[in-house]
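Observations on the three-dimensional arrangement
This is what each chain is made of:
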Amino acid sequence: MNYIENLLTFLEKSVSPFHAVNHAAGRLKAAGFVSLDFDRPWQLEAGGAYYCRTFSGELFAFKTGTHFDPHQGVRMTAAHTDWPCLRIKPSASYTKNGYLQANAEIYGGPILSTFFDRPLSIAGKLAVKSKTLLRPDILYINIEKPLLTVPNLAIHMSRGVNEDGMKIDKQTHLMPLLGIVEDNLNTDNYFLNFIAENAGIPAESILDYELCVYNTDQPSFVGINDAFISAPRLDDITSVCAAVDGIMESEPKESMAMTVLFDNEEIGSRTKQGADSAMLTLVLEKIWDAFGRSRIQCIEDLHHSMILSADVAHGYHPNYASAYDTTNLPVLGKGFCIKTDSNQKYTWDCEALGGLKQLCQAYDIPYQMCVKRTGQAGGSTIGPVLSSLLPVKTVDIGVPLLAMHSARELMGTKDQIYITKAITAFFSAPC
C-alpha cells in the first residue's frame, strides 16, 4: 500500500467532512468491508470487517480478530473529519456596487489571513424536498472549480500591514467575491440557483445546506528530495487517512481493531456526530450484543481496551524557536509525535505511553515527544473527551505540522508512513 499516494488522494477528495467520509467509506467497501445500518440488528462474526455511517460526517469501521475474544476489548484509533474554514450562511448572495458576493462565517479557528487571495470553491451537502416531511433527501455537492476569492486590500491603503499585522473585520472583510453584476444577470437568489443548477435539481427543492468554502490548491511536494508535503486540510486528514489505511492493513487476532471518524472537533465536539456524544458507546454495545454479550459484560470487557487519539502536532519552526519547549522539539520528517500535557489537554498516562513506545521500538517505528512550552495554552483534541466517556487507556498522537490551521499547511512526507505503520502495528500486535 502506498501511504503517500493515498494521503494525496484523500486530501483532494476531502473538500468537506461529508466528502471525507464518503471517500473513506468507498475505500473500505472496495477492500471488502461490509456496510451496516445502525437502525437494524447486526450479524457479526470473528474475522469480519465492517463499517457503519451513523451521520454524514461520522464513520465507524472495525475488524473482529480471527480468534476474537470480547474480553480482550477494542483497540481504537479516532480522528476528525472537519477543518477550520469559512462556511456559507443562509440567504448567501448579495450585491454591492456592481460586485456579487457571498455571505460567509468562520468555522473553527483558521488563520484567517491565509485564506485571502486564494482560489476558493464550495462543497458540502444539500437537504432537498422528499416524500417524507421530516426526512429530506440528502445530496452531496462539490463545485470542482475556483468559484470564490477574498482579495486583500492593497498595501497603499494599508501601509502598516507588514508592521502591525492584518486587522480583519470578520463580518465585512471575509465576504468572498462571487462575480460581477451584469445587465442580464438575475441577482435574486443567484447563489441558490447556481448551486441548484450544479446539483441538477430545481432551486425551490433546496430546503437547507451545509457548505464549506475550501482551498482548491492541490497538494504538492516541497524541498530537496520531496522532504515536505504542502497542502490544505492536513489537519486532520493525515490522521483520517492513516486510520483508514491502518485498519485496512491490520490483522487483529484476539482483540477488535476500530477506526472512528468524528465531525465537529474544531468547534468542541459537542454534537451528535462529534466525539462528545453517546454514539461511540452505542456502537460498541451493538457490537458486543451481536456476540451475545450483555451491556454489563461489554463494560467489563472494554476495561481492557486502548485508544489512540490521532490529531496533528506542533512541529518545531526554526524561525520561531522561542515559541517551543526547551527539550521537546519535534522536527518534520523525523517521526510521528506522542503528545503529552500534565494538565491533560492531551490525554496520556505513563502506562499507556510506555506501552505505545514499546510497540514502536519493537516494530522499529520512529516517534518523537511533543510537549508545549510552559505557559502556553496549546491546542486540544478529542482524546480527553473520549477517555472520559470511555474510561480506558488513551494516548494522543499525530504528525507534526508547520502552519497549523493555515489555508495551506506543511508536513514531513515520511511522517505519514510512520504514523500509519504505528496504527497498523497497534491494531495487529498480539494481546
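A brief look at the structure comes next.

What counts as what
The residue count restarts for each chain, going from 1 along the sequence in the order it is written. Selection of residues for local features in this predicted model requires a pLDDT of at least 70, selection of side-chain atom pairs for listing and counting requires 80 or more, and totals for whole chains, interfaces and linings are taken over all residues. Water and hydrogen atoms were dropped before computing side-chain values, which therefore reflect all heavy atoms in the structure. Helical segments are the DSSP runs of H or I of at least four residues, strand segments are the runs of E of at least two, and each set is numbered from the N terminus. A 1.4 Å probe rolled over the protein chains alone gives each residue an accessible area, and that area as a share of the maximum for its type sets the label: buried under 20%, exposed over 50%, partly exposed in between. Whether two residues are in contact is decided by their heavy atoms, any of which lying within 4.5 Å being enough. Where accessible areas are quoted, they stem from the Shrake-Rupley method and a 1.4 Å probe; at the residue level, only the protein chains shown are allowed to cover. Only buried Ala, Val, Leu, Ile, Met, Phe, Trp, Tyr and Cys residues count toward a nonpolar core, and they belong to the same one when joined by side-chain atoms within 4.5 Å. N or O atoms closer than or at 3.5 Å make up a polar contact, with two conditions inside protein: a donor-capable atom paired with an acceptor-capable one, and, for residues adjacent in sequence, both atoms drawn from side chains. Pairing between two strands requires that DSSP report at least two bridges joining them. Lines are fitted to the C-alpha atoms to define the axes, a helix being fitted only along its stretch in contact, and any angle between axes, read from their N-to-C directions, falls within 0 to 180 degrees. Multiplying 1.5 Å by the residue count of a helix minus one yields the expected span of that helix. The pairing test for Phe, Tyr and Trp rings, Trp by its six-membered ring, is centres within 6.5 Å, and the orientation test on the planes gives stacked under 30 degrees, edge-to-face over 60, and tilted for anything in between. Criterion for a charge above a ring: Arg CZ or Lys NZ at most 6 Å from the ring centre, at most 35 degrees from the ring normal.

Some words on the overall build of the protein chain
Check the secondary structure of the protein chain and you find 10 helices and 20 strands. On the principal axes, the C-alpha backbone points of the protein chain span a range of 70 × 60 × 35 Å. Buried residues in the protein chain amount to 53% of all 431 residues. Long-range pairs, those at least 24 residues apart, make up 77% of the contacts in the protein chain with a sequence separation of at least 6. Per element, the accessible surface of the protein chain, about 19,700 Å² overall, is 50% carbon and sulfur.

Quick look at unusual backbone geometry
A negative phi angle characterises most non-glycine residues, just as the trans form characterises most peptide bonds. With an omega dihedral of 15 degrees, the bond running from Asp235 to Asp236 counts as a cis peptide bond. Locating Asp236 in the fold gives a position in helix α5 (residues 234-249). Within the chain, Arg233 stands out as a residue other than glycine whose phi angle is a positive 70 degrees. Within the secondary structure layout, Arg233 lies in the loop between β12 (228-231) and α5. A positive phi is found at Gln344, a non-glycine position, where the angle reads about 65 degrees. Residue placement: Gln344 occurs in the loop between β16 (336-339) and α8 (350-362).

Things to note about the nonpolar core
The tendency in soluble globular proteins is for nonpolar side chains to be buried as a group. Leu28, Leu59, Leu308, Phe336, Leu356, Val395 and Ile397 are the most contacted members of the largest nonpolar core, which has 54 residues in total. For this core, the element with the highest residue contribution is α5, accounting for eight residues. Sequence-distant contacts of Ile397, that is, excluding residues within four places in its chain, are made with Leu308, Ser309, Ala310, Asp311, Phe336, Cys337, Ile338, Lys339, Leu356, Ile419 and Ile423.

Considering the side chain of Ser239
Relative to the helices and strands, Ser239 resides in helix α5. Overall, Ser239 belongs to the buried group, its relative accessible area being 1%. There is a polar contact of 2.5 Å between the side chain of Ser239 and the side chain of Asp236. Setting aside anything within four residues of it in sequence, one finds Ser239 in contact with Ala79, Ala310, Asp311 and Val312.

Description of the sheet that holds strand β6 (residues 99-107)
Consider a sheet: its strands pair through backbone hydrogen bonds, and that pairing is either parallel or antiparallel. Ordered by their spatial adjacency, six strands build an open sheet running β8-β7-β10-β5-β6-β9, and the pairing between neighbours is antiparallel. Only two strands of the sheet have a single partner each, and these edge strands are β8 (137-142) and β9 (177-180). Averaged over all adjacent pairs, the angle separating strand axes in this sheet is 25 degrees, with direction ignored. Bridge count between strand β7 (residues 120-128) and β8: six bridges; the pairing is antiparallel. Bridge pairing links Leu126 to Leu139 in β8. Lying over the sheet, helix α4 (residues 190-199) contacts β5 (85-96), β6, β7, β8, β9 and β10 (206-215), oriented at roughly 90 degrees with respect to β10.

Topic: the pairing of strand β2 (residues 49-52)
Here β2 shows no split at all, with Ala49 and Tyr51 on one side and Tyr50 and Cys52 on the other all buried. Two elements, strand β1 (residues 34-36) and β2, share three bridges in a ladder whose sense is parallel. Bridged to Val34 within β2 is Tyr50. As paired strands, β2 and strand β3 (residues 59-64) are joined by four bridges and run antiparallel to one another. Counted as the bridge partner of Ala49 is Lys63 from β3. As consecutive antiparallel partners, β2 and β3 are separated by six residues.

A short note on helix α6 (residues 279-290)
It helps to recall that an α-helix has 3.6 residues per turn; residues three or four apart then point in one direction. A rise of 1.5 Å per residue sets the reference length of α6, with its 12 residues, at 16 Å; its end C-alpha atoms lie 17 Å apart and thus fit the reference within 8%. Along α6, the residues that are buried comprise Met279, Leu280, Val283, Leu284, Ile287 and Trp288. Contacts made by the buried residues of α6 are with β3, β4 (74-80), β13 (256-262), α7 (295-302) and α9 (383-389). Gly292 sits one or two residues past α6 and shows a positive phi near 75 degrees.

A few points about helix α2 (residues 17-30)
Its 14 residues give α2 an end-to-end C-alpha distance of 20 Å, which sits within 8% of 20 Å, the value for a rise of 1.5 Å per residue. In terms of burial, α2 is largely enclosed, as 10 of its 14 residues are buried. Gly32 sits one or two residues past α2 and shows a positive phi near 100 degrees.

Here we look at the environment of Cys431
Among the structural elements, Cys431 can be located in the segment after α10 (413-428). Spatially, the C-alpha atoms of Cys431 and Tyr3 are 26 Å apart, while their sequence positions differ by 428 residues. Leave out the neighbours within four places in its chain, and Cys431 touches Gln72, Arg75, Glu254 and Ser255.

Looking at the packing of aromatic side chains
Throughout the structure, instances matching the rule amount to 10 aromatic pairs. Aromatic rings pair up to connect Trp42, Tyr50 and Phe62 into one cluster. The cationic tip of Lys286 hangs over the ring face of Phe38; the distance from NZ or CZ to the ring centre is 5.5 Å.

As far as function goes, none of this settles anything; it's purely spatial.
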